[in-house]
Amino acid sequence: MTLVAAPEREISVNKDKDAVRAEAVIAGRPAVLEKMYINASDGLTGPKVHYIEVYGKDVQTGEKCRERWCPSSRP
């Protein structure tokens, strides 16, 4: 899955038996995505995303991690 505001950031959604979870690289580490916050405002052609904050847990250590993704610049 990709977000329009951050297409370079891949989020994979995996199913293991009855559980479904999203995984992404957060702060340089593979992590289970727990939540995300999208800061946006109304623009002339639709919403303008200022940044996306992603929160998760490191897959190997279980340690919490957080990162702010800034959208790619587009004309």
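Worth saying up front: this structure is predicted, and the values here are computed from it rather than measured. All residue numbers refer to position in the chain's written sequence, counted from 1. Where totals are concerned, whole chains, interfaces and linings use all residues; where local detail is concerned, this predicted model gives features only for residues with pLDDT of at least 70, and gives and counts side-chain atom pairs only at 80 or more. In computing side-chain properties, one takes all heavy atoms of the structure into account and sets aside hydrogens as well as water.

Draft legend 1. Representation of the pattern of salt bridges within the structure. Salt bridges are identified by distance alone: a Lys or Arg side-chain nitrogen within 4 Å of an Asp or Glu carboxyl oxygen. Under the defined criterion, the tally for this structure stands at seven salt bridges. A salt bridge links Arg29 to Glu63; its shortest N-O distance comes to 3.9 Å. With a gap of 34 residues between them, Arg29 in strand β5 (residues 29–43) and Glu63 in the loop between β6 (46–58) and β7 (64–69) connect regions that are remote in the sequence. Any residue under 20% of the maximum accessible area for its type is buried, any over 50% is exposed, and the rest in between are partly exposed; the area is computed with a 1.4 Å probe on protein chains only. With relative accessibility at 25%, the residue Arg29 sits in the partly exposed group. In this structure, Lys64 engages Glu34 in a salt bridge whose closest nitrogen and oxygen atoms are separated by 3.9 Å. Highlighted residues: Lys64 in strand β7 and Glu34 in strand β5, separated in sequence by 30 residues. Given a relative accessible area of 60%, Lys64 falls into the exposed group. Elements are defined by DSSP. Helices are runs of H or I of four residues or more, strands are runs of E of two residues or more, and each kind is numbered from the N terminus.

Draft legend 2. Structural detail: the pairing of β6. Strands were regarded as paired on the criterion that DSSP finds at least two bridges between them. Pairing geometry for β5 and β6, over 12 bridges, is antiparallel. What sits directly across from Gly43, in β6, is Gly46. Turn length for the β5-β6 hairpin, with the two strands adjacent in sequence and antiparallel, is two residues. The pairing of β6 with β7 spans six bridges and is antiparallel. When the bridges of β7 are listed, Tyr55 appears paired with Arg66. From the end of β6 to the start of β7, which pair antiparallel, there are five residues, and Gly62 there has a positive phi angle of about 80 degrees.

Draft legend 3. Structural detail: the sheet that holds β7. With antiparallel pairing, five strands are arranged side by side in an open sheet as β3-β4-β5-β6-β7. At either margin of the open sheet sits one strand with a lone partner, and together these are β3 (12–16) and β7. When the angles between neighbouring strand axes are averaged without regard to direction, this sheet yields 35 degrees. To get an axis, a line is fitted to the C-alpha atoms, and for a helix only the part in contact is used. The angle between two axes follows their N-to-C directions and goes from 0 to 180 degrees.

Draft legend 4. Main features of the pairing of strand β2 (residues 6–10). Here strand β1 (residues 2–3) pairs with β2 via two bridges, running antiparallel. Bridge pairing in β2 links Thr2 to Glu10. Hairpin connection of β1 to β2: two residues between the antiparallel strands.

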